[in-house]
Structure formats: C-alpha cells, structure tokens
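Notes for the structure review
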Amino acid sequence: MRLLWPLALAALLVLARAKREIPVGAIFHEDNYEAEVAFRYAIERVNMHEKHFEMTPIIKYVSPDDSFKTEKKVCELASEGVTAIFGPSSMLTSGIVSSICKTIEIPHIITHWDPEPLGGIDPELQAMTINLYPEADVLSRALRDLIVDYSWKSFTIIYDSDEGLMRLKDVLQIHGPNDNPITVRQIDDDPDYRPLLKDIASSGESHIILEVHPDKILEILRQAKEVKMLEEYQSYIITSLDAHTLDFEELKYSRSNITTLRLMDTKSFDIKNAVHDWEQGEARMKRVFRVSPEHVRTESALYNDAVKIYATAIRELDATEEITPSRLSCGSKNLRQWPFGLRIVNYMKVKTEYGITGPIIFDDNGRRTHFQLDIIELHQQEGFKKIAIWDPRGGINYTRSIDEVHLQIVESLQNKTFIVASRIGAPFLTWKEKKEGEYLEGNNRFEGYSLELIDGISKILGFQYRMEIVPDGKYGSYNKATKKWDGLVKYLLDRKADLAICDLTITYERRTAVDFTMPFMTLGISILYAKPVPQPKDLFSFLSPLSLDVWIYMATAYLGVSVLLFVLSRMAPADWENPHPCKQDEVEEVENIWNMLNALWLTMGSIMGQGCDILPKAVSTRVVAGMWWFFALIMLSSYTANLAAFLTMERMDASIESAEDLAKQSKIKYGAVLGGSTLSFFRSSNFSTYQRMWAAMESTRPSVFTKSNDEGRDRVLKGRGLYAFLMESTSLEYITERYCELTQIGGLLDSKGYGIAMPVNSPYRTAISGAVLKMQEEGKLHQLKTRWWKEMHGGGRCDEAATTSSGDSAAELGIDNVGGVFVVLAFGCFCAFVIGILEFLWNVRKVAVDEKVTPWEALKAELKFALNLSITTKPVHNTLSESESAKSSMRSKSESRRGSESVGRRSNNIRTGASLMNVDKIGFVFNNNNK
C-alpha cells in the first residue's frame, strides 16, 4: 500500500498537468444570448475531448456603443490571464478590443462583418485579429455573381445604413454606362414602408435587393404583399446571412421568388450535434432553449467554429511547447506582451479547418477569404431550399438538375390561370362569327392561330388561360420622348397579363423590356404589291415584236431592193437568155425574165423564208439577192424568237421586282404599320438602301403608314400599282392566299421570329418554350399554319386558280392574240379571189375575140370547163365546139419564123407570170395560124 501512494500521487500530478486551465475571454452584448450559448457549449465539447488542458470561459457584457466600458472590460480580461478574447459583434467596440489586443499580443477573434479600411489594411494593426466572418469584398462578389447569373438588367436596392451600401460595393460596380440605371432607396425609422414600395411598383421595377437588418425583413415583405409587390414576377435577393432564421411561414405561399445566402449547411451532422449540445446544456442549467438547425444564426455558428479552430491551435502548439497563461496589465508602466499570442494567431492563419460554416481559410491579414455559401430559395412546401453552392473559385454551381427545375415549374402551373393578352388580326386572332341565337363569352369569343397555339400549350403544361385584347391594339414600341412602352409590351410591364401572344416579333429592343419563348414561327419582311395588269387584247398582237418604225423600214427596204434587182437585171448581160435553148445557132433575140413582178416575188419569197423557183444569174444581181436573203434571215429569226414572248407578256406602266427598285424610284409610294417591328427595322437599319427607304417613308405626305395590316392591304388594292406595303411574310402569305390580285415582290429582307412574350425573368419561360418545341417536333405547328393559312376563311383559293392556269401551256395564245393573222390571211384570200375573177373575165374576153364568139358563149364554155372536175388537161386552144381550128393549127407546116419566135417569147413570159401570180396559163397563148 505504501508503494501505491507515490504512484497515485504521480498520476494525480500528471492529470493536473494534462488538464491545465486555459482561460478564454469573451465580450457579448445583451442581445447575443444564442451566440453566448454557442460559445459556452463549444468550449464544453472541446473540454470533453481534450486531455491536456481545459478551456475556461470568462464572459463580460458591454453596450454596443459604449467604448469606454469596453476598454475597461478588456483590461479586466487581460488581468485575469485570458489567452484570447472573442467578440464583441459591434464594429465600434470591436475596434477598441482589437487595438488593445494588438498592444498586449493577445489573439482577438471576431465573427462579424468588418470592411476593409479606406486606406487599405495595415498588417501591423491587424496582426492579432482573426475574423471568421466572410471577407467583405469576397462576400460582395458572391452577391454580384448571383445577380449576374439571374440576368437582372435593372434592380432597386433598399438599404437602411451606410454599411449596407458598403457591403454591396461589387454589386454597384456591375452597372455599365449603357445599362439601365440602378435605383438605390434608403429607409428610415418610419415603420411604414408602403409609400416607398408603391413608388418602386410604379416605376415598373421587379427586381429588389434587400440590404436591411434582419429584424426589418419580414415587415418589409408583409407590406410589399399588401401593395401587390410580392407577385410571381417580382424577385427579391436578401443579402443578410441570417434571413434563413426568420419565420417565412406566412409568406412562403407568395408567388415571388425570394432568394438569400446561407453560410452553413443546416442538414449537416455537425450543426445537429451543436444544437443538441446547446439544448441539453441549457436544460441542465434549468433554462429553456429551443432552436432548430434550420434557424441557427450565423454568428452562433461562427462562435462554435471559432472555439474549435482556436482549441486546435492550442493543442498543436502545446504539443511542442507548453502554453501558459499570463496575467497582463493595460497600464503603460507594467505593459507586458503574452509570448504565445502571435504564434497562435500565425498558426490559425495557415491552418485549414472545417466547421459548421464549411471550409475556414484565412489570408495573411487574418480575413476569411475562402468559404462556401448556400444559395437558397423560398418554397411553398419546404421553406428555404438549397438550389446552388457558391465559392470564390468555382462561382455558382447548381445542385438541382434541369429536370427538377422543370418539374417544379410544371407543378406550380397546375390549376393556374394565365391572363393571355393579344390583339385582333387575322389569322392569329379574330372575333368568332356568331350563329343565330348563339351567345359567346370568354375564350369562345375568339378564334385563330394564337388561340389554338396557347390552347395546345395549356394542355401540355396543365394550366388554364383567359384571353384579353390589349386596348390600344398595338404590338409594343418604345417612345423615347416619354420613355414608355405601349401595346402588348406595356400590358406585360403593368402586370396586367402573364403572357402576350400574336404575330409579335422578337426584337432586341423588346427583349430589353420583356422575355420571349423560343420562336414558334420564323419569317422576314417582304413587299406586298398588286399583280401586273395585262394589256388589252389586240387582233394585231403578232405585229408587236417589231416596232412601227421597223415595219416601215422593212417595207421600204423590200420595195427598194426589188427595184434595184429589176434595174440591175436589165443592165446585166447574164440575165438576158435565149428563149429557145435548143436552137443556139438561130438565135436572133434574147429575153429577160426579171420584170418587176418577178423581182417583187423573189424578195417576197426570201423574207418569208420560202425561196423562189427563179434565180438571178448576173454577179451584181446575185450580190443584191444574197444580201437581201441575209437581211431576211436575221429579221425572220428575230421576229420568230420574240413573237410568243410579246403575245403572252403581261405588262404594266410601272413594275417593281425588289426593295432596291422601290428605293430607286419615287412614283410608287410604300409604307408599313406604324409602331411595328417592320418600321423599326427600317428606322434602325444601317444599310444604305433601307435608310433611303426610311427617309422616303418618313417624309412622304400624306402619310404612307397604316394602323394595321388590313389597312395596308386595302391601300395596295386601291393604289392600282402606285402603293406597295412592307410587311412580315407570314401575314403577306395569308393575304395573297385570299386576294389573288395581290402578290409578294422579291425575297425576304431579314430573318426573325414570332415568340410568346412574358415579364422579365418569368419562371415559366423555360416550360412554355419546351411546350412550343414539343409541338414543333410533333408537327402540330405546321398543321396549325396550314389550317389557318390555307384552309380557313377562304384560304387556298388563289392556289386553285394558279393550279388551273398552270395546266395550260406557258406560251398558249388565244384567238384574241393571233386573230390578226387570220384577218390578214382572209383579206389576202379575198383579194386573190377578186383578182382570179378578174383574170377569168379577162381570159373570157380574149377567148371571145380570138374565137370570134360572143362573150356570153365564151363565159359559158369556160365555166363549163372549170366546173368539170374530172378533166385534168386542157388544150392550148380553147374552142366552143371542138372545131377543126385546133387540129389545123397543130398540122400547119408553114408557120413564119417571126411568128414562131414571137409565140416562143410570149410563152416564156407567160410561164414566168404564172410562177408569180399562180394563175391558169390557159387562154393566154394562141396559134398565129388562127388569126
């Protein structure tokens, strides 16, 4: 037994050494009860696991603005030998503590927001201070990243202190010179925030940043709900890291998006353990303390982590050199510094620790520059729910999938009723015609493409809708003078509608005010114009390929060449021929067949492309004939090539084929819908042609602008080719399907699309765009367009007419076009008939004289012979009764030579004449023996 006592004593001495007392000081304000609880029980948990030392908390209380008392309490703590001082949370009192701790080299650990001084951080002054609260600039950068990620183009900041604006330094710097202005509004001590909120609502702002004390957050949101500033298109970002501790039960069913930041993961095992320690410890002290992990304040969590990281530093350094507390004095006479303080602070700066508030990493100045923030949103069922994580290196990383977001939005759409704004304009939306005795109300009053499109989307997503017509009937344009929008855009900005659907073009200017879904229809600007008016039908249209001057020149050339050929043939020896080629030795006379008739016949046959059975023989006459044939060939080819085109061509006094043609002329006026995207396109275009067109439209009086597409269509119809209307191709296609006298001129001047508009940052944009894409993939959008463009209300009528006309030959000519040719032919035949009668009568007269009979007998004999179709030959001598005169004429042997040559020459001339006139030679040659 005596031997055991020394061993027991030694063990007690070891235990006494192992559990050395390490005093730790803390300064709290009266309202820091939860933080004090966290501090106390964090030390208790450290002591439970620590074998070598025991931390003893020494707590003092001061007022947040009492600097004198704060200094006194710090000196008291120093005299009690504390090895570190935690707190206080006030910037004013904390600065005094930091200065004293720097002097006596005691670690000073704080857990509140502390901005960088204007002159920058002085490492000497901050040498003994460690701050676990996120560094001010890095935290400001997190807020900036969130706003940029949300694509907020404008927002209003509501703040209650100058410190608040300092916390938003990076947020204020994201505003560029061309961006919409950032509105900054400060609230005072007046608890009525409604006037301020109403002013923000009247400005149309829907994005609000709340930089106020946590105690004011709920009251501001309650009053915002009263003035309808907590609707589904308003979004709030609360900058306080303690917003998650507030009771949002009465506000979580609001339709606004409320987002805030949180420094801790409330579902972690560490925070649940800490909360359990707090509640059990207070219960042992007969005090009631209740807090859930979801509502732990940031300051409390930071005190827990601060104790943990300080205890780690003590443990690690104590392993190499025993840490002994010292009682110090603030007086200048007995001023001493604690030798271990600077070593502990430097160790904490390089040590990486993980606590309730995530990773804890300090920079050289003892500021926490690396940390992790949860981005949380207020949900109806779950309260605040984590949607993303932010850290200084990776920025924002979303923890929820796209499918989860889509499912959440779709669930929120169930049984929701959207107000859908539109405007009257076929085929997108028109008033439905009532049947007799029928009463229409609600959506049944309308019909059209837009109605069926939104109906299809509603069936996919499961929401209800109510159609409303915008009062001014306009699409939406921005007035730079009044700085206000009109039409459908204004309706959305005033929160009078959730969606706007019609032929509303997606433009850059409109995108700055509202959001759009993906395009449900693509299009471009084109020109509506009247179809060309055909020329009146003309019997002599076949003369059109050649002008009157050319016809006159051709007739003159025809007569001139014929006369020249006649003269040259009389002069050229080669064109004088022997009438009896078989009697070359007895030639006494030659003859020339080129009389005027034969010359005219040769030139006529050449120009008609038919040739002639007689040809010139002299070189000079052949040259003339050859040149005439060449001329005739060219003229005939040109005439034939252009004849069909001239007979089928539809011509107008003024025609256009493109926008360039419009810009180059001033006779045809052109315009567009006032306040529409087409007009904006020309007004803002940098292309020279479109700039000239805009200048012409703007300066024309009376105005060429219209209030609607229907008015523009009517002006084109009434303009008779003197007015063209610039409009979007989809509406143009609808009109040309029903008004066959109108057509599209040229191609598309640009490319754009129609989309469904909604307020900026609408939570339903992705879901509705997905529904539009689904309808497109299933072919339903194409079916809708075919139905309302080509089937309903007279659609396709012009296509049927075009199909009927296209069945005919492209070069088909009617009797109205070529009737003149038949007239000329009939007139020529009539003249030939008259000439034939005259020739017949002339022949009858000669027969009567030669045969010494009466003209009447000769006429009867010739008619009888002509009407006897079975006779194919005719004797040279035509007699009344087959007399012997013909036989004796043929048997005569004593014909005089002169008479024979005369008859030969006459016969040759008759052959030539017959070739020209195509008349019967019978009766023109008689035997001289009968005379």
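Notes on the structure follow. (Residues numbered from 1 in each chain as written. Predicted model: local features only at pLDDT ≥ 70, side-chain atom pairs only at ≥ 80, totals over all residues. Heavy atoms only, no water.)

1. What about the overall build of the protein?
Helices and strands together make up the secondary structure of the protein, namely 31 helices and 33 strands. Looking at the protein residue by residue over its 931 residues, the buried ones come to 46%. Considering only residue pairs separated by 6 or more positions, the protein has 69% of its internal contacts joining residues 24 or more positions apart. Surface summary for the protein: the accessible area is close to 48900 Å², and the carbon and sulfur share equals 55%. (Helix = DSSP H or I, 4+ residues; strand = E, 2+ residues; numbered from the N terminus. Buried < 20%, exposed > 50% of the residue type's maximum accessible area, 1.4 Å probe, protein only. Contact = heavy atoms within 4.5 Å. Areas by Shrake-Rupley, 256 points an atom, 1.4 Å probe, with all protein chains shown as cover.)

2. Some words on the state of the cysteines
This model, assessed by the stated rule, comprises 2 disulfides. With its sulfur 2.3 Å from that of its partner, Cys 75 forms a disulfide with Cys 330. In this structure, the disulfide formed by Cys 75 and Cys 330 twists by about -120° around the S-S bond and is classed as left-handed. Taken together, the positions of Cys 75 in helix 3 (residues 67-79) and Cys 330 in the loop between helix 11 (298-318) and helix 12 (341-350) put the pair 255 residues apart, joining distant regions of the chain. Under the relative-accessibility criterion, Cys 330 is labelled partly exposed at 30%. A disulfide bridge connects Cys 740 with Cys 798, and the sulfur atoms are separated by 2.1 Å. A torsion of -105° about the S-S bond marks the disulfide between Cys 740 and Cys 798 as left-handed. (Disulfide = S-S within 2.5 Å.)

3. Quick notes on the sheet that holds strand 4 (residues 108-110)
Within the open sheet, the 8 strands sit side by side as 2-1-3-4-5-13-12-11. Their pairing is mixed. Strands at the two margins of the open sheet, each flanked by one partner only, are strand 2 (53-61) and strand 11 (353-355). The sheet contact formed by strand 1 (residues 20-28) and strand 3 (residues 85-86) spans 2 bridges and is parallel. Bridge pairing in strand 3 places Ala 26 opposite Phe 86. Strand contacts of helix 12: strand 4, strand 5 (129-134) and strand 12 (358-362), with the helix running at about 30° to strand 5, the strand carrying the most contacts. (Pairing = 2+ DSSP bridges. Axes fitted to C-alpha atoms, helices over the stretch in contact; angles between N-to-C directions.)

4. A short note on the sheet that holds strand 29 (residues 669-671)
The 4 strands are arranged 29-30-26-31 in an open sheet whose pairing can be described as mixed. The two strands at the open ends of the sheet, each matched to only one other strand, are strand 29 and strand 31 (742-745). Each adjacent strand pair in this sheet contributes to an overall mean axis angle of 30°, direction not counted. Where strand 26 (residues 525-530) lies against strand 30 (residues 723-728), 4 bridges are found, and the strand directions are antiparallel. Pairing of Leu 528 across the sheet is with Phe 725, part of strand 30. Of the strands in this sheet, strand 29 and strand 30 touch helix 22 (residues 688-699), which is tilted by about 95° from strand 29. Contacts from helix 24 (residues 729-736) reach strand 26, strand 30 and strand 31, with the element oriented near 125° to strand 30.

5. Side note on the pairing of strand 17 (residues 417-422)
For strand 17 and strand 20 (residues 464-469), the ladder comprises 6 bridges, and the chain directions are parallel. By the bridge assignment for strand 20, Phe 418 is matched with Tyr 465. Here 2 bridges tie strand 17 to strand 23 (residues 499-500), and the two strands are oriented parallel to one another. Paired with Ala 421 across the two strands is Ala 500, which belongs to strand 23.

6. Let's talk about the packing of aromatic side chains
One pass over the full model with this rule turns up 27 aromatic pairs. An angle of 85° between the planes, with centres 5.6 Å apart, marks the rings of Phe 428 and Tyr 754 as edge-to-face. Residue Phe 428 is located in the loop between strand 17 and strand 18 (430-431), and its partner Tyr 754 is located in strand 32 (residues 752-754); the two are separated by 326 residues in the primary sequence. On the basis of relative accessible area, Phe 428 is assigned to the buried category, the value being 1%. The class for Tyr 754 is buried, based on a relative accessible area of 0%. An aromatic cluster is defined as three or more aromatic residues linked by ring pairs; in this entry it consists of Phe 428, Tyr 449, Phe 520, Tyr 734, Tyr 754 and Trp 789. Above the face of the Trp 789 ring, Lys 785 is positioned so that its terminal group lies 5.7 Å from the ring centre. Across the ring face of Trp 842, the terminal group of Arg 845 is positioned such that the distance to the ring centre comes to 5.1 Å. (Phe/Tyr/Trp six-rings, centres within 6.5 Å; stacked < 30°, edge-to-face > 60°. Lys NZ or Arg CZ within 6 Å of the ring centre and 35° of its normal.)

7. Section: the pattern of salt bridges
Opposite charge on two side chains permits them to pair, given that their charged atoms come into close proximity. Inspection of the entire model under this criterion finds 41 salt bridges. The partner of Lys 73 in a salt bridge is Glu 76, with the nearest N and O atoms 3.9 Å apart. With Lys 73 and Glu 76 both in helix 3 and 3 residues apart, the pair spans about one turn of that helix. Residue Lys 73 is classed as buried on the basis of its relative accessible area of 18%. (Salt bridge = Lys/Arg side-chain N within 4 Å of Asp/Glu carboxyl O.)

8. Section: the nonpolar core
Ranked by size, the top nonpolar core spans 78 residues in total, and within it Phe 39, Met 55, Phe 86 and Tyr 310 carry the most contacts. With 10 residues, helix 11 is the largest single contributor of residues to this core. Ignoring sequence-local partners within four residues, the contact set of Phe 39 consists of Val 24, Gly 25, Ala 26, Phe 28, Pro 57, Ile 59, Phe 86, Tyr 303 and Val 307. Counting residues in hydrophobic clusters, the runner-up holds 37 residues, among them Ile 409, Leu 453, Met 521 and Tyr 734. (Core = buried A, V, L, I, M, F, W, Y, C linked by side-chain atoms within 4.5 Å.)

9. A few points about unusual backbone geometry
The linkage connecting Ala 426 with the following residue, Pro 427, adopts the cis geometry, with an omega of 0°. Here Pro 427 lies in the loop between strand 17 and strand 18. Geometrically, the link from Arg 701 to Pro 702 is a cis peptide bond, its omega value of 0° lying close to zero. Looking at where Pro 702 falls in the secondary structure, it is placed in the loop between helix 22 and helix 23 (709-719). Backbone geometry at Ser 151 places phi at a positive 60°, although glycine is not the residue there.

10. What to know about helix 12
Considered for burial, the residues of helix 12 that qualify are Gly 341, Ile 344, Val 345, Met 348 and Lys 349. Down the axis of helix 12, the sector holding all buried residues measures 135°, keeping them to one side. Along its buried surface, helix 12 packs onto strand 4, strand 5, helix 11 and strand 12. (Arc of directions from axis to C-beta.)

11. Some points on the packing of helix 24 against helix 26 (residues 780-791)
To describe two helices that pack against each other, one gives the angle between their axes and the distance between the axes. Look at helix 24 against helix 26: their axes get within 8 Å of each other, and the N-to-C directions meet at 45°. The orientation of helix 24 with respect to helix 26, classified from their angle, is oblique. Residue-level inspection shows Thr 730, Glu 733 and Tyr 734 of helix 24 in contact with helix 26, the latter providing Lys 785, Trp 788, Trp 789 and Lys 790. A breakdown of the residues in the contact of helix 24 with helix 26 according to their chemical character gives 3 nonpolar, 1 polar and 3 charged. (Parallel < 35°, antiparallel > 145°, perpendicular 65-115°, else oblique. Nonpolar A, V, L, I, M, F, W, Y, C, P; charged D, E, K, R; others polar.)

12. Considerations on the environment of Glu 219
By the secondary structure assignment, Glu 219 is in helix 9 (residues 214-226). Along the primary structure Glu 219 and Asp 192 are separated by 27 residues, whereas in three dimensions their C-alpha atoms are 9.1 Å apart.

13. Describing a nonpolar patch on the surface
Together, Phe 830, Val 834, Ile 837, Leu 838 and Leu 841 line one region of the surface with nonpolar side chains, adding up to about 450 Å² of accessible area. Counting through the fold element by element, Leu 838 comes out in helix 28 (residues 815-851). (Patch = residues over 30% accessible without salt bridge, like charges linked within 9 Å, V, L, I, M, F, W, Y side chains within 5 Å.)

14. A short note on helix 21 (residues 677-684)
Summarising burial for helix 21: 6 of the 8 residues are buried, a large majority. Taken as a whole, helix 21 has its buried residues at Ser 677, Thr 678, Leu 679, Ser 680, Phe 681 and Phe 682. The secondary structure elements touched by the buried residues of helix 21 are helix 16 (508-511), strand 26, helix 22, strand 30 and strand 32.

15. Here's the deal with the pairing of strand 1
Moving residue by residue along a regular strand, the side chains alternate between the two faces of the sheet. The element strand 1 is extensively covered by neighbouring structure, given that 8 of its 9 residues are classed as buried. Pairing between strand 1 and strand 2: 9 bridges, direction parallel. The partner of Glu 21 across the bridge, within strand 2, is Glu 54. Handedness of the β-α-β unit built from strand 1, helix 2 (residues 33-49) and strand 2 comes out right-handed. (Right-handed = clockwise from strand over helix to strand, strands pointing away.)

16. Digging into the side chain of Glu 737
By secondary structure assignment, the location of Glu 737 is in the loop between helix 24 and strand 31. Exposure remark for Glu 737: the relative accessible area of 7% places this residue in the buried category. Within the structure, the side chain of Glu 737 is placed 2.9 Å from the side chain of Lys 790, a separation counted as a polar contact. Ignoring any residue separated from it by four or fewer positions in sequence, one finds Glu 737 in contact with Trp 789, Lys 790, Gly 794, Gly 795, Gly 796, Arg 797, Cys 798 and Asp 799. (Polar contact = N/O pair within 3.5 Å; in protein donor to acceptor, adjacent residues only side chain to side chain.)

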